[in-house]
Amino acid sequence: MAASRFSHSTVVVTNHLQEFSANRIVEEEDGVRSGYSLNNASYRDLSDTASSSYTEMTTTTSMAYLPQTVVLCELRHNGFENCVPSGPSDTGIVSKWRPRDRMKTGYVALVLCLNIGVDPPDVIKISPCARMECWIDPFSMAPQKALETIGRTLNQQYERWQPKARYKYSLDPTVEEVKKLCATCRKSAKSERVLFHYNGHGVPKPTLNGEIWVFNRSYTQYIPLPVSDLDSWLKTPSIYVFDCSAAGLVVKAFTELQEGSASSSMPSMQDCILLAACEAHETLPQSAEYPADVFTSCLTTPIKMALRWFCTRSLLHESFDYSLIDRIPGRQTDRKTLLGELNWIFTAVTDTIAWNVLPHDLFQRLFRQDLLVASLFRNFLLAERIMRSVNCSPISYPKLPATHQHHMWDAWDMAAEICLSQLPCLVEDPSKEFQPSPFFTEQLTAFEVWLDHGSEHKKPPEQLPIVLQVLLSQCHRFRALVLLGRFLDMGPWAVDLALSVGIFPYVLKLLQTTTPELRQILVFIWTKILALDKSCQVDLVKDGGHTYFIRFLDNVEAYPEQRAMAAFVLAVIVDSHKRGQEACIEAGLIDVCMRHLQGSSPNDAQTEPLFLQWICLCVGKLWEDFFEVQMIALQADAPAIVAPLLSEPQPEVRAAAVFALGTLLDVGFDTLREVHGDEDGDDDEKTRAEGIIVKNLLNMVSDGSPLVRAEVAVALSRFAFGHNKHLKSVAAAAYGKKSQSNSVFTSIPALATIGSRSGYTNSHYMPQRSAVPSAPLLRVGNESPAVARDGRVSTSSPVATSGMMHGSPLSDDSSLHSDSGAVNDCASNGVLNHSRPKPLDNALYSQSVIAMCSLAKDPSPRVAKLGRKVLSIIGIEQVVTNPVKFIGGNTRPTESSVPSSSSLATLVRSSSWFELSGGHLPLTFRTPPVSPPRLSYITGIRRVCSSLEFRPHLLNSPDSGLADPLLGSPSTSAALERSLLPQSMIYNWSCGHFSKPLLTSIEDNEDMNVRREQREKLALEHIVKCQHSSVSKLHNQIAGWDTKFETGSRTALLQPFSPVVIASDENERIRVWNYEEATLLNSFNNHDYPEKGVSKLCLVNELDENLLLVASNDGSIRIWKDYSLKERQKLVTAFASTQGLRPGGRSVNAVVDWQQQSGYLFTSSEVPSIMVWDLDKEQLATSIPLGSDSTISGLAASQVHGGQFAAGFVDGYVKLFDLRTSEKVVGSTKPHTQRVVGLAFQPGLEPAKIISASQAGNIQFLDMRHNKEKETYLTIDAFRGSLTAMAVHRHAPLIASGSAKQLIKVFNLEGDPLGTIRYYPNFMAQKIGPVTCLTFHPYQPLLAAGTADACVSIYADEISPP
């Protein structure tokens, strides 16, 4: 939609002509009140400079002078030509969030060296000292029984964390027993991880070499066990827990062992993890407050250990009964119980600490790869906190940063205190419900605060792992999902951060829920995930998640924007994923999509364009390269359902519809296809459907949006590949036929009916005879039986049959019932010998070839490049020339840029397009600056003969006729063949929409609004001055600029709010000059065809970030942004505004004018019709046929009345048009006898007063209202012939006219002369050339004049304006 901005300026403007009725109100067709209306709204005071003249006016009138419409500011206009959208990725950096290799700890070996009753010789115990092992007092029972009980208990404690692992323990073992245990574990675990837990409380500290101690058989000696032996027995992957004094010595030995293995052939310890109770110089705490195995207790019973430790340090330590800790009600796995909630909070706290402190890769490895390892490391953080309080520092390998003072421990202490405070009551009364902790609610609130103030450039929210944990709770889930959605909406960085935390399996599992209120937010979250990482499609299909989104898509109660997200998710699921395609077909996705497309009528204001766009993209991806699905789509009448969307007002929807239709075209070697018995029936149905699809595609070749035309080119490339031989046959015959009576063009029926749906039917201008080049560009090989040696098409050629000679290719039934069998008749003589796909109507092939040529000459460089690739597929190769460098190049066109006639035959020849490009990717084509990008299709194909050539070797292939060696070679990879086809960009480009913020409204930049208001105020002040200025003369030259154009200045334009003038020449070189500083700001080529010439320059969005509209003589429109920045100009959009020109005309002079009020561009040329383009929709709004054969020579759009414009004709006629009326023409007169060379509306709000000038030199003042008996009420005889240019100021009573006799005369609206500007010889005694262009400044009495000798001069009144 065009943006509308309403001025807040306090300055208002009066009507220039007082006789204008204050009550005339005309309604626009779309219901918007036009600038005709005046009313007695609030009067405002003028500024000091203007108040003396006018004191009363209305805002409505100021809006008439200051259009609020803004166009061409959508996402698609930001660098379309150069952007390379990637879409969701399935490789690279975005997949780092996935754990590389999921791992499981399958075996656990527990080794306890306690030797109960015998203290090791290097330990001196205090009294009382720590005794508890696994919360069991070993001296409360017999030593052997105690040892076995402790072993079993430790086994049970580990089983809570990994119940599926297999456990073996060895009590007070020998070296041989440890070796056997390790060998058994590794053999059973295979490639899984093995946990080795060592308790050395009954043996000496490890040696300085890192050896741990075990026993001999008689328990009379301590036997050292080197860690190298242990490592060789257990191998990797493995994790070691060493609970003994000086355990750091073991870690040091392992580290040295790893360094040695890295420099030798020993296996690496890369997958070896160690947890040790203390540093090398530390001993374990002996305080009776702690168990003897405090490190093991922290690792295996963290809740009990944490609560006991908290009690000793809190106010509860004197009154609390510690035995209650063992009686906490509930289970650890049940979050609705007190014990379960405590465990849940502990997991959230430790996860959060680790995620905020550890490096990303280390966090993934230790906390997301292995469930048991993750549990041990979470508990290790607790061990560090508790043991550091008694001057003992647990260590790990890999080493972790210190976490014992992290502030999240305070949140845990709060949760622990709340639990312990209600524990006595809960134990006393088991039926009493516990009060849940506010921990998660508070953390979600903290996360919400971060969302309100955080950004990508600030520290990430530390609560993200807690949000993940909250998803497990039904009572907090909805709020957590909403906040998570807000976070993901901040950008791809946020999605990657959430995935790296581990959010993926949680939101995947939530798709199994049926809770209605979660549907919308889950669809949104999955939209954000898949916009970043396409690889999730596999997980969704595997878990059946696609059905969730299909149901949501089918839910008519959901908002269309949300259903569009579901369609996006489904499109990603089926994108290049056969299993996803199959699953979605089984779930009925095609029926759902077709039903909703049928239910949306075109141009329905209630239909969300984004929804239609993604439905089309979804089905396009669904049946892309999948023959069986394509047949299902054809049975569902998909082409007929999608085709109406080609007329939608949004270019994105039209492009998506083209994509959906294009992917239904078979490229000819579908590897997914299976052979069925009814294959011929399927082929017939597909042939009929392809004919309908291609016709629809041909209608879109002249669409106003390059986004759409690019998709048409890609779709036609699929068609060209699938029907390669038939198209080559038609192209060969068309380019090779040589006859005196019947030209090559007359052998192709109804060539000019492409686009008849858009009003460009030009069959009336079909040529009866055309000249053929004296030497045929197609040189036919001697071995082709279908073509004679002299280049004539023989009677056996498919294009020589009657099937090629009748019927319109776009008629209702010609392409279905014409003699398409003629092509098949040639199969026996070697020209054609393949049966799939079946041939279509030959006339349709002819139309397709011409459409491809048209795309190859498209004004948009991207589209033209795609078009040339399509031509290369059917064997048309371009001439190698030296084109002018495009976009910003500073090279000037030279004589060598224009190829001579002899160079047209110098071609690079190849037997196939694949062979041409196969070894030199990417494909490279050069565009010869010979023929215009847009002519009639007849003239176009004739011009193609001079710049394109068919490669004759394609006709000489003895084995396959016209077939490519590519298609005939079984060894050629289909994937490689397909990779050379032009690739669609609408899908990847559209995916970018969902990567951007969707929940927050993107407000207009405040600076832009301020600048807009300032410009409005300045403009209104200047308008008031202009309306009441008393300009006596206008010949004070304030600036002069030698543009150095070789062909003279063709057009000029003054910027409204900066001292800048823009000029262009016949070679379409554009230069931008600051006339105050006399500096050249920028210089660039409009495009590659320097001989076209510029017809007009216009400013689009004048009051905002204005764009430069450059209209070429051939009707091509190119619109630029940043054009005044040196070598930084960008092409916003480009299209051919005039189609269907008369064939045979060499010079084409398109005339255009731009109307900001309506957003319409009016164009015409030699065709008797006026095209009205809606630049907001980038679509032809209407085509106004003209009853006269006379050609339009000038157009003028009213800048205050939307939809109103005037046209001047070569024969002197002037007509007034109003699009709001049914008949369009509201006035017609013939004030001149010669060509109208200048046309403009009079200043002010008068709707029908026009000033026109003719080549004869007279200027006529016309009143075109119906009630006027005489339209002409004033005549000025400015010159006696040779009038070349006229300009009328938009607001001031000024008219300027220029002559080829080097004169400029200025008049007022009463016809009084205000002065004459004469050109005098300069100091080199050289006369300055004739006047070629005149233009006024929009808001100041400034006149810019361009001359044939490349000079541009700027004139003001006697006193220069401020």
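Residues numbered from 1 in each chain as written. Predicted model: local features only at pLDDT ≥ 70, side-chain atom pairs only at ≥ 80, totals over all residues. Heavy atoms only, no water.

Undergrad: In this structure, what is going on with the overall build of the protein? I would like to understand it.
TA: Scanning the protein for helices and strands turns up 39 helices and 40 strands. Looking at the protein as a whole, 61% of its 1362 residues qualify as buried. Restricting to contacts in the protein with at least 6 residues of sequence separation, those with at least 24 account for 69%. Here the protein has roughly 53,400 Å² of accessible surface; of this, 50% comes from carbon and sulfur atoms. (Helix = DSSP H or I, 4+ residues; strand = E, 2+ residues; numbered from the N terminus. Buried < 20%, exposed > 50% of the residue type's maximum accessible area, 1.4 Å probe, protein only. Contact = heavy atoms within 4.5 Å. Areas by Shrake-Rupley, 256 points an atom, 1.4 Å probe, with all protein chains shown as cover.)

Undergrad: Looking at this model, I keep getting lost on the pattern of salt bridges. Mind explaining?
TA: Opposite charge on two side chains allows them to pair when their charged atoms are near. With the rule as written, the count across this model stands at 32 salt bridges. Its salt-bridge partner being Asp-271, residue Arg-193 comes within 3.6 Å of it at the nearest N-O pair. Of this pair, Arg-193 sits in strand E5 (residues 193-199) while Asp-271 sits in the loop between helix H5 (248-262) and strand E9 (272-276); the two residues are 78 residues apart in sequence, bridging distant segments of the chain. Across the salt bridge formed by Arg-579 and Glu-582, the nearest N and O atoms sit 3.8 Å from each other. Of this pair, Arg-579 and Glu-582 both sit in helix H21 (residues 578-586), three residues apart, which is roughly one turn of that helix. Within the structure, one salt-bridge network assembled from shared partners comprises Lys-534, Asp-575, Lys-621 and Glu-624. (Salt bridge = Lys/Arg side-chain N within 4 Å of Asp/Glu carboxyl O.)

Undergrad: Sorry, what's going on with H21 here?
TA: The α-helix winds at 3.6 residues per turn, so residues separated by three or four positions along the chain end up facing the same way. Within the span of H21, buried status applies to Gly-580, Gln-581, Ala-583 and Cys-584. Looking straight down H21, one finds its buried side chains confined to an arc of 165 degrees; they lie on one side. For H21, the elements touching its buried residues are helix H18 (536-542), helix H19 (546-553), helix H20 (560-574), helix H22 (589-599) and helix H23 (609-623). Gly-588 sits one or two positions beyond H21 and adopts a positive phi of about 80 degrees. (Arc of directions from axis to C-beta.)

Undergrad: Would you take a moment to explain unusual backbone geometry for this structure?
TA: Glycine aside, negative phi is the norm for most residues, and most peptide bonds take the trans geometry. Residue Ser-127 is joined to Pro-128 through a cis peptide bond whose omega torsion reads -5 degrees. Tracing the backbone shows Pro-128 in the loop between strand E3 (105-112) and helix H2 (143-159). At Lys-235, a residue that is not glycine, the phi angle is positive and equals roughly 55 degrees. Here Lys-235 lies in the loop between helix H4 (227-234) and strand E8 (238-243). Even without glycine at this site, Gln-1302 takes up a positive phi of about 65 degrees. Here Gln-1302 lies in the loop between strand E35 (1295-1299) and strand E36 (1303-1307).

Undergrad: When you look at the packing of aromatic side chains in this model, what are you seeing that I'm missing?
TA: Ring pairs (aromatic) are described by centroid distance and by the angle formed between their planes. If you walk through the whole model with that rule in mind, you get 32 aromatic pairs. Judged by centre distance (5.4 Å) and plane angle (55 degrees), the rings of Phe-215 and Tyr-219 are tilted. For Phe-215, a relative accessible area of 2% translates into the label buried. The class of Tyr-219 is partly exposed, set by a relative accessible area of 43%. With a centroid separation of 4.9 Å and 55 degrees between ring planes, the pair formed by Phe-1084 and Trp-1120 is classed as tilted. (Phe/Tyr/Trp six-rings, centres within 6.5 Å; stacked < 30°, edge-to-face > 60°.)

Undergrad: Please explain the nonpolar core as it appears in this structure.
TA: In a soluble, globular protein the nonpolar side chains are often hidden away together inside. Counting residues in hydrophobic clusters, the biggest one holds 228 residues, and the most contacted among them are Trp-412, Phe-487, Trp-526, Leu-553, Met-594, Trp-614 and Trp-623. Once residues lying within four places of it in the same chain are set aside, the contact partners of Trp-614 are Ala-564, Ala-567, Phe-568, Ala-571, Tyr-987, Ser-990, Cys-991 and Phe-994. Counting residues in hydrophobic clusters, the runner-up holds 36 residues, among them Val-175, Cys-182, Ala-247 and Tyr-397. (Core = buried A, V, L, I, M, F, W, Y, C linked by side-chain atoms within 4.5 Å.)

Undergrad: What exactly am I supposed to notice about the sheet that holds strand E37 (residues 1313-1318) here?
TA: Hydrogen bonding along the main chain pairs the strands of a sheet, whether they run parallel or antiparallel. The strand order E34-E35-E36-E37 describes an open sheet built from four strands, whose pairing is antiparallel. What marks the edges here is a single partner per strand, and that holds for strand E34 (1283-1288) and E37. In this sheet, adjacent strand axes meet at a mean angle of 15 degrees when their direction is disregarded. In the sheet, E34 pairs with E35 via five bridges, with the strands oriented antiparallel. Across the sheet, Ala-1285 pairs through a bridge with Gly-1298, a residue of E35. (Pairing = 2+ DSSP bridges. Axes fitted to C-alpha atoms, helices over the stretch in contact; angles between N-to-C directions.)

Undergrad: Explanation requested: the side chain of Asn-216 in the structure shown.
TA: Summarising the element assignment, Asn-216 is placed in the loop between strand E6 (212-215) and strand E7 (222-225). Looking at Asn-216, its side chain comes within polar contact range of the main-chain nitrogen of Tyr-219, at 2.8 Å. Those residues within four positions of Asn-216 in sequence are excluded, and the remaining contacts are Thr-174, Gln-221 and Ile-223. (Polar contact = N/O pair within 3.5 Å; in protein donor to acceptor, adjacent residues only side chain to side chain.)

Undergrad: Would you explain the pairing of E34 in this entry?
TA: Within a regular strand, side chains alternate between the sheet's two faces. For E34, the buried fraction is high: five of the six residues fall into the buried class. Between E34 and E35, which pair antiparallel and follow one another directly, the connecting turn spans six residues.

Undergrad: Help me understand the sheet that holds strand E40 (residues 1351-1356), please; the structure alone is not making it clear to me.
TA: Overall, antiparallel pairing links the four strands, which are arranged E13-E40-E39-E38 in an open sheet. Two strands close off the open sheet at either side, each with one partner strand: strand E13 (1036-1042) and strand E38 (1331-1336). Strand-to-strand twist across the sheet, computed as the mean angle between neighbouring axes with direction ignored, equals 20 degrees. In this structure, E13 lies alongside E40, joined through six bridges in antiparallel fashion. Bridging from a neighbouring strand, Ala-1039 pairs with Ile-1354 of E40.

Undergrad: Just to check I follow, could you spell out the pairing of E37 for this structure?
TA: Where E36 and E37 come together, five bridges link them in antiparallel fashion. Residue Val-1306 lies in a different strand from E37, and its bridge partner there is Gly-1315. Where E36 folds back onto E37 in an antiparallel hairpin, the turn is made up of five residues, including Gly-1311, whose phi is positive at roughly 90 degrees.

Undergrad: Teacher, can you tell me more about the packing of helix H8 (residues 338-357) against helix H10 (residues 371-388) here?
TA: The description of two packed helices rests on the angle between their axes and on the distance between the axes. For the pair H8 and H10, interaxial distance at closest approach is 9 Å and the crossing angle is 85 degrees. One element, H8, and the other, H10, form an angle in the roughly perpendicular class. Of the residues in H10, those touching H8 at Phe-346, Thr-347, Thr-350, Asp-351, Ile-353 and Ala-354 are Arg-378, Asn-379, Leu-381 and Leu-382. Per-class residue counts for the contact of H8 with H10 are five nonpolar, three polar and two charged. (Parallel < 35°, antiparallel > 145°, perpendicular 65-115°, else oblique. Nonpolar A, V, L, I, M, F, W, Y, C, P; charged D, E, K, R; others polar.)

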